[in-house]
Amino acid sequence: MLTTVKAGPYTISGVSIAGIHTSLLVRELGVLLDAGIALRSLAGAQHVFLSHGHADHLGALVSLLGMRGLMRLPPPRVFLPAEIAANTEQALALLSRVQRHEFSIRSEPMSPGDERALSPSSSVRAFRTHHTGPSLGYQFFQRVPKLKREFSDLPGREIAERRKRGDDLFEIEERHELAYATDTLLRVIDTMPSLLDTRVLILECSFLDERKSIESTHAGGHIHLDELLERADDFQNEAIVLMHFSQMYPPEEVHRTLARRCPKALWERLVVFAPSKGHWPG
Ligand SMILES: [Zn+2]
Ligand SMILES: [Zn+2]
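Keep in mind that this is a model prediction, so the values were computed, not measured.

**Some words on the overall build of the protein**
Regarding its fold elements, the protein presents nine helices and 14 strands. Here the C-alpha radius of gyration of the protein, 20 Å, is about what a compact globule of 282 residues would show, namely 19 Å. Dimensions of the protein along its principal axes, counting C-alpha atoms only, are 65 × 50 × 30 Å. Residue burial in the protein is summarised as follows: out of 282 residues, 51% are buried. Long-range pairs, those at least 24 residues apart, make up 61% of the contacts in the protein with a sequence separation of at least 6. Carbon and sulfur atoms make up 50% of the accessible area of the protein, which amounts to about 13400 Å² in all. The protein carries 33 positive and 35 negative side-chain charges, and their two centres are separated by 7 Å.

As structure tokens, then:
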């Protein structure tokens, strides 16, 4: 049922079909991206990131919380667009009364540009995506000390001595490790340009050929492969994970179409998040 891929240093498991359900677990970061399907192996993530309020991205949250209760896991931190936070919390409160069991979360309402620490070494930043309602993408990054350029030629011993003297030799550099942008127009790469050099970019590509026009793709707030190919040279990522394909394409056709249409330089870095054969799960 699960698709599992390797993208750069990250292992990504889950299911993603446009309009049906999307949930991706990034194991190394311990984060679940969207809660569109409740599977046992996805329920353990302590950090859940909701891109927007559509049912195929948020609808399984309560089932995941139920599984966590069974596993005696603490309430997860749930990051979500600020505009939908109060209603989501109210819905969980009502469902808690229905089930006579508390579905509790640690809600983290987010707006574009907001940052939160996830661990001493890693943080997340929300960014605006362009869909039909309030929606966000998430960029995971590390802040690491880096020797200032003017000191880069100093021998190691002198660096150590200067550090001892208390000289300010380092500046803080951000390393953009992984970003998630789904249910969005492609102009997200212009409004959030650092997506283009984030190490691993998980990006939606709902439609792949002429059976769906670019105009109607845009009306739904999605990306068409045609427009992605026009910008292919802009992507500097180590790996690009394409996901959220329409079920109008059987999984094998998704692989075949992307292999045929993508230029070599893009194809070599592309990770197709779809089963390699057979039907879509479910
Ligand atoms: Zn969707
Ligand atoms: Zn949507």
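**Considerations on helix 8 (residues 251–261)**
Of all the residues in helix 8, the buried ones are Pro251, Glu253, Val254, Thr257 and Leu258. For helix 8, the angular spread of buried residues about the axis comes to 155 degrees, placing them on one side. Turned more than 90 degrees away from the buried face of helix 8, the exposed residues are Arg256 and Arg260. Those residues of helix 8 that are buried lie in contact with helix 7 (225–230), strand 13 (239–243), helix 9 (264–267) and strand 14 (270–272).

**Remarks on the side chain of His224**
Positionally, His224 belongs in the loop between helix 6 (214–219) and helix 7. In this structure the side chain of His224 is engaged in a polar contact, spanning 2.9 Å, whose partner is the backbone oxygen of Asp209. At 3.0 Å, the side chain of His224 forms a polar contact with the backbone nitrogen of Asp226. Every residue in contact with His224, bar those within four places of it in the chain, is listed here: Cys205, Phe207, Leu208, Asp209, Lys212, Ser213, Ile214 and Thr217.

**Topic: the coordination of the zinc ion (ligand 2)**
At 2.2 to 2.3 Å from the zinc ion (ligand 2) lie its protein donor atoms, namely His52 (NE2), His54 (ND1), His131 (NE2) and Asp183 (OD). Taken together, the four donor atoms coordinating the zinc ion (ligand 2) and their angles of 92 to 171 degrees define a geometry best described as irregular. Along the chain, the residues that donate to the zinc ion (ligand 2) are spaced as H-x1-H-x76-H-x51-D. Between the zinc ion (ligand 2) and the zinc ion (ligand 1) the interatomic distance comes to 3.7 Å, and Asp183 is a ligand of both metals. On the criterion of sequence distance, the pair formed by His131 in the loop between strand 9 (122–128) and strand 10 (136–147) and Asp183 in the loop between strand 11 (170–181) and helix 5 (188–191) is long-range, its members being 52 residues apart.

So, how was this worked out
- Residues numbered from 1 in each chain as written.
- Chains lettered and ligands numbered in written order.
- Predicted model: local features only at pLDDT ≥ 70, side-chain atom pairs only at ≥ 80, totals over all residues.
- Heavy atoms only, no water.
- Helix = DSSP H or I, 4+ residues; strand = E, 2+ residues; numbered from the N terminus.
- Rg over C-alpha atoms; globule rule 2.2 N^0.38 Å.
- Buried < 20%, exposed > 50% of the residue type's maximum accessible area, 1.4 Å probe, protein only.
- Contact = heavy atoms within 4.5 Å.
- Areas by Shrake-Rupley, 256 points an atom, 1.4 Å probe, with all protein chains shown as cover.
- Lys, Arg positive; Asp, Glu negative; His and termini not counted.
- Charge placed at Lys NZ, Arg CZ, Asp CG, Glu CD.
- Arc of directions from axis to C-beta.
- Polar contact = N/O pair within 3.5 Å; in protein donor to acceptor, adjacent residues only side chain to side chain.
- Donors = N, O, S within 2.8 Å, 3.2 Å for Na, K, Ca; no water.
- Tetrahedral: all angles 85-135°; square planar, octahedral: opposite > 155°, others 65-115°.

Shape is all these values report; function is a separate question.
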